[in-house]
Amino acid sequence: MEERIQKIISACGVASRRQAEQMITAGRVTCNGKVCELGDRADVESDVILLDGRPLPSKASTVYIMLHKPRGYVTTLSDEKGRKNVAMLVKDCGVRVYPVGRLDMDSEGLLLLTNDGDFAQQLMHPSHEINKTYLVTVRGYNQDALEHLKEPIVLDGYRICPPSVELLSTQSNGDARLLVTIHEGRNRQVRRMCAAAGLVVKRLVRVREGCLELGELPCGKWRFLTHDEVEQLRKR
């Protein structure tokens, strides 16, 4: 069966699909002796695909991982600034995996990683809305700010759905703990929503994504998703 060559490269665990596209554009990929172009298709069963003159490795088994991302790690596989990245935390999983979505460097909690490009694209597509829940510690809490936080606002020219906000606790110094559930995944959405409500985020932990809960998974550790968990995510 023919597939786009960047998808074939990604499925082998060599690189993400975007990186594979860059490899093709750079002229590093050939199929049956011909330099490939973006959009070219091939059949791994009958065609000879080479990267830098070498055959692609066999297709890696699909892997689905939940990581408890610590604060201070960027959600990339490498970083030009030399910062710690999430790839360092899952390097013992046996294959090269890629983050599904993002958590900014100062945020913590549930992060999915996989080498299944189709699965990742499905989860990240805007039509595949998965609720994400965050435990948020804020400074400057008051009732007006809480009500404002519950209202829909415009981010990046898009009017977001009203979030679900539950007040868990307050302190005399104006700090509060909130449980915030959002329905989209705009860049730094929860932090920007809080800022618009006059709140300063002190700590942000993603504790739930769709059917998955972070639970008691220790910070910095990861586990494989179960078959049932993967299937539930696919059905969303």
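In case you missed it, the structure is sitting above this.
Residues numbered from 1 in each chain as written. Predicted model: local features only at pLDDT ≥ 70, side-chain atom pairs only at ≥ 80, totals over all residues. Heavy atoms only, no water.

Enquirer: Residues and numbers for unusual backbone geometry, please.
Expert: For aspartate 156, which is not glycine, the phi torsion reads 55 degrees and is therefore positive. Within the element layout of this structure, aspartate 156 appears in the loop between β11 (154–155) and β12 (158–159). Even without a glycine there, the phi angle at arginine 188 is positive, about 50 degrees. Assignment of secondary structure puts arginine 188 in the loop between β14 (176–182) and α5 (189–196). Since its relative accessible area comes to 39%, arginine 188 is described here as partly exposed. (Helix = DSSP H or I, 4+ residues; strand = E, 2+ residues; numbered from the N terminus. Buried < 20%, exposed > 50% of the residue type's maximum accessible area, 1.4 Å probe, protein only.)

Enquirer: With reference to specific residues and values, describe α5.
Expert: All of the buried residues along α5 are Gln189, Val190, Arg191, Met193 and Cys194. Two residues or fewer past α5, glycine 198 is found with a positive phi of approximately 85 degrees.

Enquirer: Outline the packing of aromatic side chains, listing residues and values.
Expert: Applying the stated criterion across every chain yields a total of 2 aromatic pairs. Each ring, one from tyrosine 64 and one from phenylalanine 119, has its centre 4.9 Å from the other, and the planes form 75 degrees; the classification is edge-to-face. With a gap of 55 residues between them, tyrosine 64 in strand β7 (residues 64–69) and phenylalanine 119 in helix α3 (residues 117–124) connect regions that are remote in the sequence. Relative to phenylalanine 224, the ring of tryptophan 222 lies with its centre 4.8 Å away and its plane at 85 degrees, an arrangement referred to as edge-to-face. In this structure phenylalanine 224 comes out as partly exposed when scored by relative accessible area, which is 44%. (Phe/Tyr/Trp six-rings, centres within 6.5 Å; stacked < 30°, edge-to-face > 60°.)

Enquirer: How would you summarise the packing of α3 against helix α6 (residues 227–234) if you had to cite specific residues and measurements?
Expert: Orientation of α3 relative to α6, taken along the N-to-C sense of each, is 50 degrees, at an axis distance of 10 Å. Judged by the inter-axis angle, α3 sits oblique to α6. Facing Phe119, Gln122 and Leu123 of α3, the residues of α6 in contact are Val230, Leu233 and Arg234. In terms of residue class, the contact of α3 with α6 is made up of 4 nonpolar, 1 polar and 1 charged. (Axes fitted to C-alpha atoms, helices over the stretch in contact; angles between N-to-C directions. Parallel < 35°, antiparallel > 145°, perpendicular 65-115°, else oblique. Contact = heavy atoms within 4.5 Å. Nonpolar A, V, L, I, M, F, W, Y, C, P; charged D, E, K, R; others polar.)

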